[in-house]
Amino acid sequence: MPEQRYRVSEAASLLGVSDDTVRRWGASGRLELEGDVGAKTVSGAQLAALAKELAESSPRADLVDLPPASARNRMRGIVTKLTLDTVMAQVDVQAGPFRIVSLVSREAVDELGLEVGSVVVASVKATNVGIDGVHSV
């Protein structure tokens, strides 16, 4: 199977940085970019290693003041929509580019004082997480 390669724009999107940052990392040797001037690419393995390095070296400033928790997937975001029933509620959260939807009790929403615009931390802990393959970014 051929090595997966990503264009500069795809790599930038996956790392959450600008195209220019990826090009600078290539020029400085942090990433090995291959190809013509207008069509440079980076290997998927190298990109994955850099993504992991960036995540491990950058403390999550948005979560620093939170108490430790067993859920490792914690994302700070803003409530964008509340759908309330008498017993349950659907809470839509935008955490960066990610939309997270949680079904919680109406009592929890009331106790937390949630409303559209509230800043929250979505904690995700699952025994089963599905992964879908994506062929292009």
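Above this note sits the structure.
Below is a summary of the structure that appears in this document. (Residues numbered from 1 in each chain as written. Predicted model: local features only at pLDDT ≥ 70, side-chain atom pairs only at ≥ 80, totals over all residues. Heavy atoms only, no water.)

Let's talk about the pattern of salt bridges
In total, this model carries 7 salt bridges according to the counting rule given. With a closest N to O distance of 3.0 Å, R23 and D20 form a salt bridge. Note that R23 and D20 are positioned in helix 2 (residues 19–28) at a spacing of 3 residues, about one turn of the helix. When its relative accessible area of 42% is taken as the criterion, R23 is described as partly exposed. A salt bridge links E53 to R30, with the nearest nitrogen and oxygen atoms 2.8 Å apart. Within this pair, whereas E53 is found in helix 3 (residues 44–57), its partner R30 is found in the loop between helix 2 and strand 2 (41–43), the two being separated by 23 residues in sequence. A relative accessible area of 40% places E53 in the partly exposed class. Residues joined by salt bridges that share partners form a network here, namely E3, R5 and E34. (Salt bridge = Lys/Arg side-chain N within 4 Å of Asp/Glu carboxyl O. Helix = DSSP H or I, 4+ residues; strand = E, 2+ residues; numbered from the N terminus. Buried < 20%, exposed > 50% of the residue type's maximum accessible area, 1.4 Å probe, protein only.)

Some words on the sheet that holds strand 5 (residues 98–105)
The strand order 5-4-3-6 describes an open sheet built from 4 strands, whose pairing is antiparallel. Because the sheet does not close on itself, it has two edges, and the strands there are strand 5 and strand 6 (119–124). Sheet twist, expressed as the average angle between the axes of neighbouring strands with direction ignored, equals 45°. (Pairing = 2+ DSSP bridges. Axes fitted to C-alpha atoms, helices over the stretch in contact; angles between N-to-C directions.)

Brief notes about the environment of V87
Structurally, V87 is set in the loop between strand 3 (73–84) and strand 4 (88–95). The sequence separation of V87 and S105 amounts to 18 residues, and the corresponding C-alpha distance is 6.0 Å. Apart from residues lying up to four places away in sequence, V87 is in contact with S105 and R106. (Contact = heavy atoms within 4.5 Å.)

A look at the side chain of S118
Looking at the secondary structure, you find S118 in the loop between helix 4 (106–112) and strand 6. Beyond its immediate stretch of four places on either side in the chain, S118 contacts G77, I78, V79 and G113.

What to know about the nonpolar core
Formed by Y6, V8, A11, A12, L15, V22, W25, L31, V42, L47 and L50, the largest nonpolar core amounts to 11 residues. Elements supplying a minimum of two residues to this core: helix 1 (8–15), helix 2 and helix 3. Once residues lying within four places of it in the same chain are set aside, the contact partners of V22 are V8, A11, A12, V17, L31 and L33. Counting 10 residues, the second largest nonpolar core, distinct from the first, contains V79, V91, V93 and A122. (Core = buried A, V, L, I, M, F, W, Y, C linked by side-chain atoms within 4.5 Å.)

Some remarks on helix 2
For helix 2, every residue scored as buried is listed here: T21, V22 and W25. Summarising the axial view, the buried residues of helix 2 lie within an arc of 100°, below the 170-degree limit, and thus occupy one face. Facing away from the buried surface of helix 2 by more than 90 degrees, the exposed residues are R24 and A27. Structurally, helix 2 contributes buried residues whose contacts are with helix 1 and helix 3. Once helix 2 finishes, G29 follows within two positions and takes phi at roughly 95°, a positive value. (Arc of directions from axis to C-beta.)

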